[in-house]
Structure formats: structure tokens, C-alpha cells
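# A look at the structure
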Amino acid sequence: MSLPDKIIKEIDMLNEKDRQKVLDKIKEKYIASDVILLNENYSWWDNEEDDIYNEQ
């Protein structure tokens, strides 16, 4: 098992609160702040319950 697989497995075993704390720390340390900002600004885009999104 590769190191990234081991890390993911360990993160998956955490409870929700601790998992979120680890993920926030990873974002803070390794992801550029403008990427996080873009992600938060467009989070509404992935709303599958949106009527416009579900129109066929």
C-alpha cells in the first residue's frame, strides 16, 4: 500500500470533527488561498437539488 493510500485510510477512520480539522489543515498548508476562495465562491454550482440543474 502506498503512503498516500495509508494516509487516506487513516483520515477515513477519523470521526467527522477530527477529519474536518485534518482536511482544513491540509487546505491551509498545501492549497493556494485563491483556489479555496474559488471553490467556496462556486460551491452553489454543484447543487444537484437546484431546479435549473435538474431540468431535462
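Okay, so let's go over this structure. Since the structure is predicted, the reported quantities are computational estimates derived from the model, not experimental observations.

## As for a nonpolar patch on the surface
A contiguous nonpolar patch, built from V22, L23, I26, Y30 and I31 and spanning about 420 Å² of accessible area, is present on the exposed surface. With respect to the helices and strands, L23 occurs in helix 2 (residues 16-30).

## A short note on the pattern of salt bridges
This structure, assessed with the given rule, holds 2 salt bridges. E16 serves as the salt-bridge partner of R19, at 2.8 Å between the closest nitrogen and oxygen. With R19 and E16 both in helix 2, this residue pair falls 3 residues apart, about one helical turn. The shortest N-O distance in the salt bridge between K25 and E28 comes to 4.0 Å.

## Observations concerning the environment of N15
Locating N15 in the fold gives a position in the loop between helix 1 (3-13) and helix 2. A relative accessible area of 45% means that N15 is categorised as partly exposed.

About the criteria used
- The residue numbers shown here count from 1 along each chain, following its written sequence.
- This being a predicted model, a pLDDT of at least 70 is required before a residue's local features are given, and a value of 80 or more before pairs of side-chain atoms are given or counted; all residues contribute to the totals for chains, interfaces and linings.
- Excluding hydrogens and water, the side-chain values take into account all heavy atoms of the structure.
- Excluding any residue in a salt bridge, patches collect residues exceeding 30% relative accessible area, merging like charges within 9 Å and nonpolar Val, Leu, Ile, Met, Phe, Trp and Tyr side chains within 5 Å.
- Accessible areas in this description were obtained via Shrake-Rupley with a 1.4 Å probe; residue shielding takes into account the shown protein chains only.
- When a carboxyl oxygen of Asp or Glu is within 4 Å of a side-chain nitrogen of Lys or Arg, the pair counts as a salt bridge.
- The helix count covers DSSP runs of H or I at least four residues long, the strand count covers runs of E at least two residues long, and both are numbered beginning at the N terminus.
- The classification of residues rests on relative accessible area computed with a 1.4 Å probe and restricted to protein chains. Under 20% of the type maximum is buried, over 50% is exposed, and intermediate values are partly exposed.

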